[in-house]
Amino acid sequence: MDNCLFCKIINKQIPAAIEYETDDLLAFNDISPQAPVHILIIPKQHFNTPAELNNSYVEIAGKITAAAAEIAAKKQLNSYRLVMNCNEDAGQSVFHVHMHLLGGRKMNWPPG
Ligand code: 5GP
Ligand code: ZN
């Protein structure tokens, strides 16, 4: 999609430190890490928000979660947090669906 930051990363128009790539997904390090491991897992297909990952898209939603488990295992993370922010009030700032994989430090709950 034009003018989408993460689509530009997918198309290699903007560089990113890529950790994982398949035909459907890309995962790369967050530019502003909030934990020692902070990786964003995104579908190559553009969706604005997680709300669009309805029953028509369970396969891609499942692949994102499975990729998170695979990357966490590769990083030898036993404890980690997966976050998908949906819309502004939840903290979404980039409107291309992404899952945050955060780990390597003790996390607090509930989040702010
Ligand atoms: P959100 O706030 O939408 O849930 O998460 C967006 C994430 O994208 C933020 O954690 C932010 O640091 C990250 N981000 C924003 N711009 C870039 C960029 O150009 N490159 C990378 N690698 N991450 C980015
Ligand atoms: Zn996009």
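Preceding this section is the structure that the text describes.
No experiment lies behind these values; they were computed from the predicted model shown.

A.B. asks: How should I be thinking about the coordination of the zinc ion (ligand 2) in this particular structure?
C.D. replies: Distances from the zinc ion (ligand 2) to its protein donors, namely C4 (SG), C7 (SG), H46 (ND1) and H96 (ND1), fall within the range 2.0 to 2.3 Å. Between consecutive donors of the zinc ion (ligand 2), the numbers of intervening residues give the motif C-x2-C-x38-H-x49-H. Taken together, the residues span a long stretch of sequence, with C7 in helix α1 (residues 5-10) and H96 in the loop between β4 (80-83) and β5 (99-103) at a distance of 89 residues. Taken individually, C7 and H96 each receive the classification buried, so the pair is uniform in this respect.

A.B. asks: Sorry, what's going on with the nonpolar core here?
C.D. replies: Counting residues in hydrophobic clusters, the biggest one holds 18 residues, and the most contacted among them are L25, I39, I41 and I71. Secondary-structure elements contributing two or more residues to this core are β2 (25-29), β3 (37-43), α2 (58-74) and β5. Among the elements that take part in this core, α2 stands out by supplying six residues, more than any other. Non-local contacts of I41, meaning those with residues more than four positions away in its chain, are made with L25, L26, A27, I64, A67, A68, I71, V97, H98, M99 and L101. Grouped together as the second largest cluster of nonpolar side chains are 10 residues, C4, C7, I9 and I42 included.

A.B. asks: I tried to follow the pairing of strand β1 (residues 18-21) on my own but got confused; where do I start?
C.D. replies: Looking along a regular strand, one sees the side chains alternate between the two faces of the sheet. By the bridge criterion, three bridges tie β1 to β2 in an arrangement that is antiparallel. Paired with Y20 across the strands is A27, a residue of β2. Taking the residues between adjacent antiparallel strands as the criterion, β1 and β2 are bridged by three residues.

What counts and how
Residues numbered from 1 in each chain as written. Chains lettered and ligands numbered in written order. Predicted model: local features only at pLDDT ≥ 70, side-chain atom pairs only at ≥ 80, totals over all residues. Heavy atoms only, no water. Donors = N, O, S within 2.8 Å, 3.2 Å for Na, K, Ca; no water. Helix = DSSP H or I, 4+ residues; strand = E, 2+ residues; numbered from the N terminus. Buried < 20%, exposed > 50% of the residue type's maximum accessible area, 1.4 Å probe, protein only. Core = buried A, V, L, I, M, F, W, Y, C linked by side-chain atoms within 4.5 Å. Contact = heavy atoms within 4.5 Å. Pairing = 2+ DSSP bridges.

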